[in-house]
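# Observations on the model geometry
Read off the chains here:
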Amino acid sequence: MIFITGDTHCPEDMEKLNEENFPQQKRMTKKDYVIICGDFGDIWSAQSNEKKDMLHWLSQKNFTTLFLDGNWENYGKLNSHTVTVWNGGNVHRLTSSVIHLMRGQIYHLDHRLFFVMGGACSKYKEVRKRDGTWWPEEMPSAREYHEAWRNLEKAHYKVDYILTHTAPYSLVTQLRDVEGEYPLNRFLQEVEEKARYKHWFFGHFHRDIQLDGKHTAVYQKFIPLPAHLFG
C-alpha cells in the first residue's frame, strides 16, 4: 500500500500524518509507504530535540515514511547521512523507517518503478540567507542531472510514476511564476517529453489539484496507488 502526499514542513504541517487526519494508517504496516513530495522540513539544528521527537514520532508509525527533498531542508545535515542503496536507488536513512529518496534515482516499490527528482528554488531565499536557513543545494547540481538522465536511459525512459517537488515548465507556468527554478523546470519538461509513465505527482505549490489526466499537485490529501484520483 502506497500513499502520496505533499509538503510537511516538519514540524508545521506534520499533524496531517496523525490518525485523525490520516486514519488509513491503522491498517498499514512497515511494508507500506507514505511518500512526501518534498519540503519534508528536516529540522535546522543538528542538536534539535524537536528533530529527535519528530523522527521518533514518525518512526513509531505503522508505515514507512519516504520523502523527496524540496527547498525547505537543512541540506548540510541531510547530506551528512551515509548514502546507501535501497530498492534500486540511493537513499539517506534518517531512521530505519524514515528514508530520504535522492535525486535522479529510480526505485522499485510494490512491483512499480518510481523516478524521483527533488529540489526547487526558495521564494524568500534572500531572507533565509540572512538567518542561515538557506542552502545552495536546494537546486540540483550538474552531477545530479546527469545521474537522472543516466538512470532514465537505463530504464529505457519507462517508469510507472514520477515524483518531484516542483513541476515541468509547461505546468509550473500555470500555477505561478517560475522565478529561480527555470533550469529545473526545463529539465523536468524534457523528462515530460521523453519519459513514458502512468502519473506524475508533485508538491511545492500548496494545492491539491489534478491538472489533467496525468499530473497531480498534492499538499494535504493522501492519494493511494493505484486509485481513482480525487474521487
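Note: the structure precedes this text.
Bear in mind that the values here come from a model prediction, so they are computed numbers and not experimental data.

## With respect to the sheet that holds strand β10 (residues 199-202)
Through backbone hydrogen bonds, the strands of a sheet pair up, either in parallel or in antiparallel fashion. Read from one edge of the open sheet, six strands run β7-β8-β9-β10-β12-β11, paired in mixed fashion. Sheet topology places β7 (105-109) and β11 (209-210) at the edges, where each strand pairs with a single neighbour. With three bridges joining them, β10 and strand β12 (residues 215-217) adopt parallel strand pairing. Among the inter-strand pairings, Trp200 is bridged to a residue of β12, identified as His215. Sitting on the sheet, helix α4 (residues 142-154) is in contact with β7 and β8 (112-117), with an inclination near 160 degrees to β8. Along the sheet, helix α6 (residues 182-194) makes contact with β8, β9 (161-164), β10 and β12, crossing β8 at roughly 155 degrees.

## Topic: the packing of aromatic side chains
Enumeration according to the criterion identifies 14 aromatic pairs in this entry. On the basis of an interplanar angle of 50 degrees and a centroid distance of 6.4 Å, the ring pair of Trp86 and Tyr107 is categorised as tilted. Here the residue Trp86 occupies a position in strand β4 (residues 83-86), and Tyr107 occupies one in strand β7, the gap between them amounting to 21 residues. An identical accessibility class is assigned to Trp86 and Tyr107; each is buried.

## Notes on the pairing of strand β6 (residues 98-101)
Residues Val98 and His100 line one face of β6 and the alternating positions Ile99 and Leu101 line the opposite face, and both faces are buried. In terms of strand pairing, strand β3 (residues 64-67) meets β6 through three bridges, oriented parallel. Bridge pairing links Thr65 to Val98 in β6. If you look at the hairpin formed by strand β5 (residues 89-95) and β6, you'll find two residues sitting between the two strands.

## Considering the pattern of salt bridges
Under the criterion given, the structure shown has five salt bridges. A salt bridge links Arg103 to Asp69, with the shortest nitrogen-to-oxygen separation between them at 2.8 Å. With Arg103 in the loop between β6 and β7 and Asp69 in the loop between β3 and α2 (75-78), this residue pair connects regions lying 34 residues apart in the sequence. When sorted by exposure, Arg103 lands in the same class as Asp69, which is buried. In this structure, the salt-bridge partner of Lys198 is Asp160, at a minimum N-O distance of 3.3 Å. In this pair, Lys198 is assigned in the loop between α6 and β10 and Asp160 in the loop between α4 and β9, connecting sequence segments 38 residues apart.

Cut-off values and rules
Residues numbered from 1 in each chain as written. Predicted model: local features only at pLDDT ≥ 70, side-chain atom pairs only at ≥ 80, totals over all residues. Heavy atoms only, no water. Pairing = 2+ DSSP bridges. Helix = DSSP H or I, 4+ residues; strand = E, 2+ residues; numbered from the N terminus. Contact = heavy atoms within 4.5 Å. Axes fitted to C-alpha atoms, helices over the stretch in contact; angles between N-to-C directions. Phe/Tyr/Trp six-rings, centres within 6.5 Å; stacked < 30°, edge-to-face > 60°. Buried < 20%, exposed > 50% of the residue type's maximum accessible area, 1.4 Å probe, protein only. Salt bridge = Lys/Arg side-chain N within 4 Å of Asp/Glu carboxyl O.

Limitation: the analysis is restricted to geometry and does not speak to function.
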